[in-house]
Amino acid sequence: GAGVSQSPRYKVAKRGQDVALRCDPISGHVSLFWYQQALGQGPEFLTYFQNEAQLDKSGLPSDRFFAERPEGSVSTLKIQRTQQEDSAVYLCASSLAPGTTQYFGPGTRLLVL
Amino acid sequence: EDKVVQSPLSLVVHEGDTVTLNCSYEVTNFRSLLWYKQEKKAPTFLFMLTSSGIEKKSGRLSSILDKKELFSILNITATQTGDSAIYLCAVDGGSGAGSYQLTFGKGTKLSVIP
């Protein structure tokens, strides 16, 4: 595709529900990143994939957060038992190779009630 | 811990003004500094800087990096209302082994009024 796409664009969940957020990176991009952006803040790193390998998950805030990229293309970020503090915009970015420019998707805005 | 600080946090100018946005950083192992523009959608890439003293330019926007003093500036000349956005500065600081995560500042919210 022309750019990084994410779905859904908006998600409302009741506290305790599980959610799954999808990211379609730019075709051929090896690296994929997930970031969390709270209101009024800059994005914060969650996790990084190189192809299908999750090389860094140091930013995941708790074991309720899980990400995968099984075929080295599409990625899913799953949040189990959502809490109100999980409300944020979740941004996905991809880059052609490690260390090159990261291009961002439009984000998924998650609201947990 | 890697740190990126942007100033000012918000700025209101009139169309036609020139603005300078600042970004200072402290990182473990600097690889690159990036500027993004964020409206109500995806942050869009503006510049990637890796070398000191070399100005990058795109239309009315330009940016330069000082690796000795650990800062970068983003200049916008002859501002237009379409420049209104949040400008994000991010650094690839090499903090994670095998990772290329970006550390972001809080952003500068620029408002350009007619």
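Please read these numbers as outputs of a predicted model, since none were measured by experiment.

With that settled, the discussion passes to a nonpolar patch on the surface. Residue and element names in this part refer to chain A. Together, V12, L111 and L113 make up a nonpolar patch on the protein surface, roughly 280 Å² of accessible area in all. Following the sequence through the fold, L111 ends up in strand β11 (residues 108-112). L111 sits in the partly exposed class, given a relative accessible area of 41%.

Time to look at the nonpolar core. Ranked by internal contacts, the top residues of the largest apolar core, which has 21 residues, are B:Y25, B:L33, B:W35, B:Y87 and B:L110. Looking at this core, the elements with two or more residues in it are β3 (19-26), β4 (32-38), β5 (44-49), β7 (61-66), β8 (71-76), β9 (85-92) and β11 (108-113) of chain B. Apart from residues lying up to four places away in sequence, B:Y25 is in contact with B:K3, B:V4, B:F30, B:L33, B:L65, B:D66, B:K67, B:L70, B:F71 and B:V91. Counting residues in hydrophobic clusters, the runner-up holds 20 residues, among them A:V19, A:F49, A:I79 and A:Y90.

Taken together, the contact between chain B and chain A spans 20 residues of the former and 22 residues of the latter. Between chain B and chain A, a total of about 1500 Å² is buried, with carbon and sulfur atoms accounting for 58% of that surface. Among the residues chain B hides against chain A, the three largest losses belong to B:Y100, B:Q101 and B:F104. Together they make up 30% of the total. Run the count over chain B and chain A and you get 0 salt bridges. Applying the counting criterion to the chain B and chain A interface returns 5 residue pairs in polar contact (both at pLDDT 80 or more). Of all the secondary structure elements, the ones that give two or more residues to the side of chain B that touches chain A are β4, β5, β9 and β10 (102-104) of chain B. The element that contributes the greatest number of residues to the side of chain B that touches chain A is β4(B), accounting for 3 residues. Looking at the side of chain B that touches chain A residue by residue, the class counts come to 11 nonpolar, 6 polar and 3 charged.

Reading guide: rules and limits
- Residues numbered from 1 in each chain as written.
- Chains lettered and ligands numbered in written order.
- Predicted model: local features only at pLDDT ≥ 70, side-chain atom pairs only at ≥ 80, totals over all residues.
- Heavy atoms only, no water.
- Patch = residues over 30% accessible without salt bridge, like charges linked within 9 Å, V, L, I, M, F, W, Y side chains within 5 Å.
- Areas by Shrake-Rupley, 256 points an atom, 1.4 Å probe, with all protein chains shown as cover.
- Salt bridge = Lys/Arg side-chain N within 4 Å of Asp/Glu carboxyl O.
- Helix = DSSP H or I, 4+ residues; strand = E, 2+ residues; numbered from the N terminus.
- Buried < 20%, exposed > 50% of the residue type's maximum accessible area, 1.4 Å probe, protein only.
- Core = buried A, V, L, I, M, F, W, Y, C linked by side-chain atoms within 4.5 Å.
- Contact = heavy atoms within 4.5 Å.
- Buried area = accessible area lost by both parts, 1.4 Å probe.
- Polar contact = N/O pair within 3.5 Å; in protein donor to acceptor, adjacent residues only side chain to side chain.
- Nonpolar A, V, L, I, M, F, W, Y, C, P; charged D, E, K, R; others polar.

The quantities given are spatial measurements derived from coordinates; they are silent on function.
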